[in-house]
Amino acid sequence: KNEVEQSPQNLTAQEGEFITINCSYSVGISALHWLQQHPGGGIVSLFMLSSGKKKHGRLIATINIQEKHSSLHITASHPRDSAVYICAGGGGATNKLIFGTGTLLAVQP
Amino acid sequence: NAGVTQTPKFQVLKTGQSMTLQCAQDMNHEYMSWYRQDPGMGLRLIHYSVGAGITDQGEVPNGYNVSRSTTEDFPLRLLSAAPSQTSVYFCASSLRKAGWTQYFGPGTRLLVL
């Protein structure tokens, strides 16, 4: 069965800290999505990766296909980064997604 | 573009009632899907569609029906609501040639009493 696991489940950081959220996935997944969900809010797609590394502003996502592992990094964290970060594995002709349970990030000023 | 829209935002049902959650997108995406989000669990796929006239079951399809008569609309029907269907429902769409980036609707919060 395809699975996606995230760690940590909860993360508290001080403003300005470098943050890493990890995601491990099983065979059958060829693309990895990172999503952001603010409390009570909708879900926004941050990245889709099938190889290498992507960067958008202070967010960086990497994927290691051999180790079936992806990381989301936030540099110079800010309280507005406080949200749930979700990784999801997909790929194939229909890209059906399997979701991790999310990482709740709180960045304190 | 409005993106992905969902109605209603919030709904209360009694056990046994039926209702339809609406989802529409104006981006000409071929792929649309419905998810439910429950506390402590990841989003779970209910049904999905790869194009008009084509639908298929996801991980948790029981108690739900879908249809895709047009590219734009993908309604989710609850046939006979049960308390176990209390959840937040998200509709999403994506386009293969755009790299499968997921666009989510704002969600529908459903309470079944």
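This one's a predicted model, so the numbers in the text were calculated from it and none came from an experiment.

Colleague: Outline the overall build of chain A, supporting the account with residue identities and numerical values.
Modeller: Check the secondary structure of chain A and you find 0 helices and 11 strands. Its C-alpha radius of gyration of 13 Å places chain A within 12% of the 13 Å reference for a compact globule of 109 residues. Oriented by its inertia axes, the alpha-carbon framework of chain A measures out at about 45 × 30 × 20 Å. The buried share among the 109 residues of chain A stands at 44%.

Colleague: Run through the sheet that holds strand E7 (residues 64–66) of chain B, naming residues and quoting values.
Modeller: Residues and elements named next belong to chain B. The 4 strands are arranged E1-E3-E8-E7 in an open sheet whose pairing can be described as antiparallel. Strands with a single pairing partner mark the edges of an open sheet, and in this sheet they are strand E1 (4–7) and E7. Pairs of neighbouring strands in the sheet enclose a mean axial angle of 20°, with direction left out of account. In this structure, E1 lies alongside strand E3 (residues 19–25), joined through 4 bridges in antiparallel fashion. The residue of E3 that forms the bridge with Gln6 is Cys23.

Colleague: I'd like to hear about the state of the cysteines, residue by residue, with values.
Modeller: All names here are of chain A. The full count for this structure, using the stated rule, is 2 disulfides over all chains. Across a sulfur-sulfur distance of 2.1 Å, Cys23 and Cys87 are joined as a disulfide pair. Taking the torsion about the sulfur-sulfur bond, which here is approximately 80°, the covalent link between Cys23 and Cys87 counts as right-handed. Within this pair, whereas Cys23 is found in strand E3 (residues 19–25), its partner Cys87 is found in strand E9 (residues 83–90), the two being separated by 64 residues in sequence. The pair Cys23 / Cys87 is uniform in exposure class, with both members buried.

Colleague: Tell me what's going on with the interface of chain B and chain A, and back it up with residues and numbers.
Modeller: Across the boundary between the two partners, chain B contributes 18 residues, which contact 18 residues of chain A. Together chain B and chain A conceal approximately 1500 Å² of surface at their shared face, both sides included; 61% is due to carbon and sulfur atoms. Summed over the three residues of chain B that lose the most area to chain A, namely Leu43(B), Trp100(B) and Phe104(B), the buried surface amounts to 31% of that side. Inspection of the region where chain B meets chain A yields 1 residue pair in polar contact (both at pLDDT 80 or more). Elements that contribute at least two residues to the side of chain B that touches chain A include exactly strand E4 (31–37) and strand E5 (44–51) of chain B. Grouping the constituent residues of the side of chain B that touches chain A by class yields 10 nonpolar, 7 polar and 1 charged.

Colleague: Talk me through the pattern of salt bridges; I want residue IDs and the actual numbers.
Modeller: All told, the structure shown has 3 salt bridges over all chains when counted by the stated rule. Between Arg58(A) and Asp81(A) there is a salt bridge; the shortest N-O distance is 2.8 Å. Linking Arg58(A) in the loop between strand E6 (53–56) and strand E7 (59–64) with Asp81(A) in the loop between strand E8 (69–74) and E9, this pair joins segments that are 23 residues apart in sequence. A residue is classified by how much of its surface remains accessible, and Arg58(A), at 25% relative accessible area, is partly exposed. As a salt-bridge pair, Arg36(B) and Asp38(B) come within 2.9 Å of each other at their nearest N and O atoms. Judged by relative accessible area, which is 10%, Asp38(B) ranks as buried. Each of Arg36(B), Asp38(B) and Arg44(B) takes part in one network of salt bridges that share partners.

Colleague: How would you sum up the layout of surface pockets? Please name residues and give values.
Modeller: Counted as a void, the largest pocket has a volume near 620 Å³. In this structure, the largest pocket is lined by 28 residues; those nearest its centre are Gln37(A), Val84(A), Gln37(B), Asp38(B) and Pro39(B). Elements represented by at least two residues in the lining of the largest pocket include exactly E9 and strand E11 (103–108) of chain A together with strand E9 (87–94) and strand E11 (108–112) of chain B. A per-class count over the lining of the largest pocket returns 10 nonpolar, 15 polar and 3 charged.

Colleague: Help me get a handle on the pairing of E9(B), residues and values and all.
Modeller: Residues and elements named next belong to chain B. Counting buried positions along E9 gives 8 out of 8 residues, so the element sits mostly inside the fold. Side-chain alternation along E9 places Ser87, Tyr89, Cys91 and Ser93 on one buried face and Val88, Phe90, Ala92 and Ser94 on a second face that is also buried. Two strands pair when backbone bridges link them, and E4 and E9 are joined in this way by 7 bridges, in the antiparallel orientation. The residue of E9 that forms the bridge with Tyr31 is Ser94. As paired strands, E9 and E11 are joined by 3 bridges and run antiparallel to one another. When the sheet's bridge partners are listed, Ser87 is paired in E11 with Leu110. As paired elements, E9 and strand E10 (residues 103–104) share 2 bridges and run antiparallel to each other.

Calculation rules
- Residues numbered from 1 in each chain as written.
- Chains lettered and ligands numbered in written order.
- Predicted model: local features only at pLDDT ≥ 70, side-chain atom pairs only at ≥ 80, totals over all residues.
- Heavy atoms only, no water.
- Helix = DSSP H or I, 4+ residues; strand = E, 2+ residues; numbered from the N terminus.
- Rg over C-alpha atoms; globule rule 2.2 N^0.38 Å.
- Buried < 20%, exposed > 50% of the residue type's maximum accessible area, 1.4 Å probe, protein only.
- Pairing = 2+ DSSP bridges.
- Axes fitted to C-alpha atoms, helices over the stretch in contact; angles between N-to-C directions.
- Disulfide = S-S within 2.5 Å.
- Contact = heavy atoms within 4.5 Å.
- Buried area = accessible area lost by both parts, 1.4 Å probe.
- Polar contact = N/O pair within 3.5 Å; in protein donor to acceptor, adjacent residues only side chain to side chain.
- Nonpolar A, V, L, I, M, F, W, Y, C, P; charged D, E, K, R; others polar.
- Salt bridge = Lys/Arg side-chain N within 4 Å of Asp/Glu carboxyl O.
- 1 Å grid on protein atoms, 1.4 Å probe; cavity = no way out; pocket = protein on both sides within 12 Å on 5 of 7 lines; lining within 4 Å.
- Points joined across faces, edges and corners; volume = space filled by probe spheres on them.

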